[in-house]
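Spelled out from the first residue to the last, the chains are:
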Amino acid sequence: GAGVSQSPRYKVAKRGQDVALRCDPISGHVSLFWYQQALGQGPEFLTYFQNEAQLDKSGLPSDRFFAERPEGSVSTLKIQRTQQEDSAVYLCASSLIRGELFFGEGSRLTVL
Amino acid sequence: AQRVTQPEKLLSVFKGAPVELKCNYSYSGSPELFWYVQYSRQRLQLLLRHISRESIKGFTADLNKGETSFHLKKPFAQEEDSAMYYCALSAPDSWGKLQFGAGTQVVVTP
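So, a few notes on the structure that sits alongside this text. Note that the coordinates shown come from a computational prediction; the quantities given were computed from them, not determined experimentally.

Remarks on the overall build of chain B
Next, step 1: Per the secondary structure count, chain B includes 0 helices and 11 strands.
Next, step 2: Listing the helices and strands of chain B from first to last along the sequence gives β-β-β-β-β-β-β-β-β-β-β.
Next, step 3: Relative to the compact-globule value of 13 Å for 110 residues, chain B shows a C-alpha radius of gyration of 13 Å, a close match.
Next, step 4: For chain B, the C-alpha atoms occupy an extent of roughly 45 × 30 × 25 Å along the three principal directions.
Next, step 5: Burial status across chain B gives 45% buried among its 110 residues.
Next, step 6: The long-range fraction of contacts in chain B, counting pairs at least 24 apart against all pairs at least 6 apart in sequence, stands at 58%.
Next, step 7: Put simply, chain B shows about 5600 Å² of open surface, and 52% of that area lies on carbon and sulfur atoms.
Next, step 8: Seen as two clouds, the 13 positive and the 10 negative side-chain charges of chain B have centres 5 Å apart.

Quick look at the structure:
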C-alpha cells in the first residue's frame, strides 16, 4: 500500500467509553509499534509486535490498554473505560529494518 | 535508565544561517541514534541514522560517545527545513524500539 494507514483519524469519547484504534501496516513489514504522543511531547513507546507475537508491552500504561495483531498484519489498540489522561495522538509504525520506522498519520483521541 | 534530552523546544533561525539542534542521551552501552523529522501536516519520518554517516538534505549528525551527544547540524538553513525534529535512541537488545526526545521546533525565517 501507500504507507501505514490508521483509523479513525479523530475520535471523541466520553469518559468511561471503550475505544478501538486500527493500524494497517506496510505490506511485508514484520515489526509493528504503537506509540502515544501527548501534546508537546515526543512519542512514548506502548507496545511492539513481531508478526503476530506481542514481544514487548512494557509501555502500556495500565491494564485498560490492550493491543493485538492476530494474523500478523492489521493491529488494533483498544482502550477500555477511557480516562481524560488517555487523550493523545496514538501513532502506529511498521518496520523492516531495525530503527527505521514508517509512521502512520496517527489517531487523535479526545476524552471528554 | 535510558533517556534522550533535547534542551531546546524552539529554534528560530534566519535563512542561510547555520542551525544546530542539540541531543544528549544517557545509556550505558552502545545505542543506535536517529533523527526523525515531522514537516507540517506530514507524518513523522526518518531523517538520518548515525551508522549511515551520510548527509541528508544537507544535515549531518555525529555521535560523540564521550559527551553522549548526537547533535544535528546544517550549515545553511532553508525555509523548507522548518519542522519538528526528534532525536531517538535504540538500545541493541530492544527490537528496534525507539525512545524519543521531546522534540525541537525549528522555524526558518526569510
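Points about the state of the cysteines
Residue and element names in this part refer to chain A.
Next, step 1: Inspection of every chain in the model, using the stated rule, returns 2 disulfides over all chains.
Next, step 2: Covalent S-S linkage joins Cys23 and Cys92, the inter-sulfur distance amounting to 1.9 Å. Torsion about the S-S bond of the Cys23 and Cys92 cystine: about -65°, corresponding to left-handed handedness. Taken together, the residues Cys23 in strand S3 (residues 19–24) and Cys92 in strand S9 (residues 88–97) connect sequence positions 69 residues apart.

What about the layout of surface pockets?
Next, step 1: Estimates place the volume of the largest pocket at around 630 Å³.
Next, step 2: Forming the boundary of the largest pocket are 26 residues, of which Gln37, Val89 and Arg108 of chain A together with Gln38 and Tyr86 of chain B lie nearest the centre.
Next, step 3: Secondary structure elements with two or more residues in the lining of the largest pocket: S9 and strand S11 (107–111) of chain A together with strand S9 (83–90) of chain B.
Next, step 4: The residue makeup of the lining of the largest pocket, split by class, is 11 nonpolar, 10 polar and 5 charged.

Details of the environment of Glu100 of chain A
Next, step 1: Within the fold, Glu100 of chain A resides in strand S10 (residues 100–103).
Next, step 2: Residue classification places Glu100 of chain A among the partly exposed positions, given a relative accessible area of 23%.
Next, step 3: The residues touching Glu100 of chain A, leaving out its near neighbours within four places in the chain, are Ser94 and Ser95 of chain A together with Tyr36, Leu46 and Arg49 of chain B.

A short note on the interface of chain A and chain B
Next, step 1: Taken together, the contact pairs 23 residues of chain A with 20 residues of chain B.
Next, step 2: For the pair chain A and chain B, the two sides together bury roughly 1800 Å², of which 49% comes from carbon and sulfur.
Next, step 3: Taken as a group, Arg98, Gly99 and Phe103 of chain A account for 35% of the area that chain A buries against chain B, more than any other trio of residues on that side.
Next, step 4: Our count for the contact surface shared by chain A and chain B stands at 3 salt bridges.
Next, step 5: A salt bridge links Arg43 of chain B to Glu105 of chain A; its shortest N-O distance comes to 3.7 Å.
Next, step 6: One can count 10 residue pairs in polar contact (both at pLDDT 80 or more) joining chain A with chain B.
Next, step 7: Of all the elements in the fold, those that place two or more residues in the side of chain A that touches chain B are strand S4 (31–37), strand S5 (44–50), strand S6 (53–56) and S10 of chain A.
Next, step 8: Here the side of chain A that touches chain B is built from residues that sort into 10 nonpolar, 9 polar and 4 charged.

Considering empty space enclosed by the protein
Next, step 1: Counting across every chain of the model gives 1 cavity of 30 Å³ or more.
Next, step 2: Forming the boundary of the largest cavity are Gln37, Pro43 and Leu91 of chain A together with Gln38, Leu44 and Tyr86 of chain B.
Next, step 3: Residues of the lining of the largest cavity, tallied by class, amount to 4 nonpolar, 2 polar and no charged.

About the thresholds
Residues numbered from 1 in each chain as written. Chains lettered and ligands numbered in written order. Predicted model: local features only at pLDDT ≥ 70, side-chain atom pairs only at ≥ 80, totals over all residues. Heavy atoms only, no water. Helix = DSSP H or I, 4+ residues; strand = E, 2+ residues; numbered from the N terminus. Rg over C-alpha atoms; globule rule 2.2 N^0.38 Å. Buried < 20%, exposed > 50% of the residue type's maximum accessible area, 1.4 Å probe, protein only. Contact = heavy atoms within 4.5 Å. Areas by Shrake-Rupley, 256 points an atom, 1.4 Å probe, with all protein chains shown as cover. Lys, Arg positive; Asp, Glu negative; His and termini not counted. Charge placed at Lys NZ, Arg CZ, Asp CG, Glu CD. Disulfide = S-S within 2.5 Å. 1 Å grid on protein atoms, 1.4 Å probe; cavity = no way out; pocket = protein on both sides within 12 Å on 5 of 7 lines; lining within 4 Å. Points joined across faces, edges and corners; volume = space filled by probe spheres on them. Nonpolar A, V, L, I, M, F, W, Y, C, P; charged D, E, K, R; others polar. Buried area = accessible area lost by both parts, 1.4 Å probe. Salt bridge = Lys/Arg side-chain N within 4 Å of Asp/Glu carboxyl O. Polar contact = N/O pair within 3.5 Å; in protein donor to acceptor, adjacent residues only side chain to side chain.

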